[in-house]
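Structural overview for review
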Amino acid sequence: MVYEGNIYRPPSEAHSLIVQATIGCAHNSCAFCSMYKDKQFRARPTDEVIADLREARSLYSRINRVFLADGDALVLPADSLLALCTEIRALFPECERASLYGTPQDALRKTPEELRALAEAGLGIVYIGAESGDDTVLSRINKGVTAKEIIQAIQKIENAGIAASVTFISGLGGPERSEEHAAGCARVISEAEPAYASLLTLLLEPGAPMYEELRRGNFEFMTPEQIAGETLLLLDRARPRKDCVFRSNHASNYVSLRGTLPHDNDRLIETLKTALAKGAFKNDHFRLL
């Protein structure tokens with residue numbers, strides 16, 4: 001099997017077979033991200049990816065899940081993705097699902113019929129980095145979409161029968177846009193109603209444009225107390241009508257939270273208030289990834 005460069009995957013795909021359908025990220029312009037800066041984006045030929053899948057079949061007796069890397073494999077043409085999902089189902093009848101990263105732009109370019117066909121072929125989850133629901137923050141980080149477009153993309157994926165797992169980043173707007181950022185994230189969750197929503201907390205590495213902004217003093221990290229306040233506002237306002245599994249238990253987070261919105265909002269808020277009152281935040285040393 002062939003791999004190029006560093007490989008990234010969602011935490012929930014830790015035990016999945018990972019196969020690169022694309023190299024790098026087609027967008028690769030997000031100001032907070034340094035993950036794919038060392039790669040030139042390209043799509044791998046479908047037959048090469050299928051060769052990797054077939055090799056994996058010869059190596060492993062059981063494959064429960066397959067994650068198609070890299071940064072936004074949903075950018076591939078629908079017929080290419082359909083061929084890959086069909087091959088996965090044929091090779092691994094025991095496989096529960098295929099999954100991949102996708103940008104809102106990728107989803108908006110696909111027709112409802114194409115997405116439904118992918119769902120029927122076994123594409124079970126699309127991981128979307130929404131990052132924020134505030135248009136000012138989205139513009140500053142060069143996300144390339146508005147909050148309205150993010151909502152439309154999530155709804156389009158969910159309506160096709162594919163689960164959307166949507167990630168937001170605490171502290172991304174800095175102290176200046178914290179309230180707008182939290183309210184915007186809550187609005188996306190409430191209106192788009194993804195199956196899953198998760199919160200990371202902002203960390204910056206060399207190579208990310210925002211790292212240089214931080215170094216020059218043009219951006220400010222938020223304190224754990226400020227992050228907690230931002231999350232309290234998000235949880236107070238994020239009230240989807242259908243169940244949304246919520247997680248804020250990534251290594252970057254100061255406080256670990258797990259629940260289902262809207263049923264657990266009040267419990268999660270009380271947990272966070274208790275942590276805030278006691279100053280019970282994860283030490284920065286243990287947040288380094």
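First, a word on what this report is: a plain description of the structure on this page. (Residues numbered from 1 in each chain as written. Predicted model: local features only at pLDDT ≥ 70, side-chain atom pairs only at ≥ 80, totals over all residues. Heavy atoms only, no water.)

1. Overview of the environment of cysteine 185
Along the chain, the position of cysteine 185 falls in helix 7 (residues 178-192). For the pair cysteine 185 and arginine 247, spaced 62 residues apart in sequence, the C-alpha to C-alpha distance is 14 Å. Apart from the residues within four sequence positions on either side, cysteine 185 is in contact with Glu131, Ser132, Gly133, Phe168 and Leu234. (Helix = DSSP H or I, 4+ residues; strand = E, 2+ residues; numbered from the N terminus. Contact = heavy atoms within 4.5 Å.)

2. Notes on the environment of glutamate 176
On the secondary structure map, glutamate 176 appears in the loop between strand 7 (163-170) and helix 7. When the C-alpha positions of glutamate 176 and threonine 201 are compared, they lie 16 Å apart, and in sequence the two are 25 residues distant. Side-chain polar atoms of glutamate 176 contact the side chain of arginine 140, separated by 3.1 Å. (Polar contact = N/O pair within 3.5 Å; in protein donor to acceptor, adjacent residues only side chain to side chain.)

3. Quick word on empty space enclosed by the protein
Under the criterion given, the structure shown has 2 cavities of 30 Å³ or more. Taken as a whole, the largest cavity spans an internal volume of roughly 90 Å³. Lining the largest cavity we find 13 residues, and of these Ile227, Thr231, Tyr254, Val255 and Leu272 sit closest to its centre. A per-element tally of the lining of the largest cavity places helix 9 (residues 224-237) first, with 4 residues. Grouping the amino acids of the lining of the largest cavity by side-chain chemistry returns 8 nonpolar, 5 polar and no charged. Taken as a whole, the second largest cavity encloses approximately 40 Å³ of empty space. Along its surface, the second largest cavity is lined by Phe168, Ser170, His181, Ala182, Cys185, Leu199, Glu230, Thr231 and Leu234. Elements represented by at least two residues in the lining of the second largest cavity include exactly strand 7, helix 7 and helix 9. By residue class, the composition of the lining of the second largest cavity is 5 nonpolar, 3 polar and 1 charged. (1 Å grid on protein atoms, 1.4 Å probe; cavity = no way out; pocket = protein on both sides within 12 Å on 5 of 7 lines; lining within 4 Å. Points joined across faces, edges and corners; volume = space filled by probe spheres on them. Nonpolar A, V, L, I, M, F, W, Y, C, P; charged D, E, K, R; others polar.)

4. Some thoughts on the nonpolar core
Grouped together as the largest cluster of nonpolar side chains are 83 residues, with contacts concentrated most on Phe32, Phe92 and Leu234. Once you skip the residues sitting within four places of it in the chain, phenylalanine 92 turns out to touch Leu17, Leu53, Ala56, Arg57, Ile63 and Val66. Of all hydrophobic cores here, the second largest spans 10 residues; its members include Phe67, Ala69, Tyr127 and Ala163. (Core = buried A, V, L, I, M, F, W, Y, C linked by side-chain atoms within 4.5 Å. Buried < 20%, exposed > 50% of the residue type's maximum accessible area, 1.4 Å probe, protein only.)

5. Re helix 1 (residues 46-59)
Helix length check: helix 1 (14 residues) gives 20 Å between terminal C-alpha atoms against 20 Å at 1.5 Å per residue, within 8%. Here helix 1 has its buried residues at Val49, Ile50, Asp52, Leu53 and Ala56. Down the axis of helix 1, the buried set is contained in an arc of 155 degrees. They therefore lie on one face. Projecting away from the buried face of helix 1 at angles above 90 degrees are the exposed residues Asp47 and Ser58. Where the residues of helix 1 are buried, they touch strand 1 (17-20), strand 4 (65-69) and helix 2 (78-91). (Expected span 1.5 Å × (residues − 1). Arc of directions from axis to C-beta.)

6. So, the layout of surface pockets
Roughly 240 Å³ of volume is contained in the second largest pocket. Only helix 5 (135-140) and helix 8 (209-215) provide two or more residues apiece to the lining of the second largest pocket. Tallied by class, the residues present in the lining of the second largest pocket amount to 7 nonpolar, 3 polar and 5 charged.

7. Description of the sheet that holds strand 9 (residues 244-248)
Spatial ordering of the open sheet is given by 1-4-5-6-7-8-9-10, a layout of 8 strands whose pairing is mixed. Only two strands of the sheet have a single neighbouring strand rather than two, namely strand 1 and strand 10 (257-261). On average, each strand axis in the sheet is tilted by 20 degrees relative to the strand beside it, whichever way the strands run. Sheet analysis places strand 4 next to strand 5 (residues 97-101), joined by 4 bridges and oriented parallel. Each residue of the ladder has a partner; that of phenylalanine 67, found in strand 5, is serine 99. Each of strand 6 (123-131), strand 7, strand 8 (196-201), strand 9 and strand 10 touches helix 7; the most contacted strand, strand 7, lies at about 175 degrees to it. (Pairing = 2+ DSSP bridges. Axes fitted to C-alpha atoms, helices over the stretch in contact; angles between N-to-C directions.)

8. So, the pattern of salt bridges
In this structure the tally under the stated criterion is 19 salt bridges. For glutamate 131, the salt bridge is made with lysine 143, and the minimal N-O distance between the two is 2.9 Å. Placement of glutamate 131 in strand 6 and of lysine 143 in the loop between helix 5 and helix 6 (147-159) is noted, with a sequence separation of 12 residues between them. The class of lysine 143 is buried, set by a relative accessible area of 7%. Between arginine 177 and aspartate 134 there is a salt bridge whose closest N-O contact spans 2.9 Å. On the criterion of sequence distance, the pair formed by arginine 177 in the loop between strand 7 and helix 7 and aspartate 134 in the loop between strand 6 and helix 5 is long-range, its members being 43 residues apart. When sorted by exposure, arginine 177 lands in the same class as aspartate 134, which is buried. Several salt bridges share partner residues, and in doing so they unite Arg44, Glu48 and Asp52 into one network. (Salt bridge = Lys/Arg side-chain N within 4 Å of Asp/Glu carboxyl O.)

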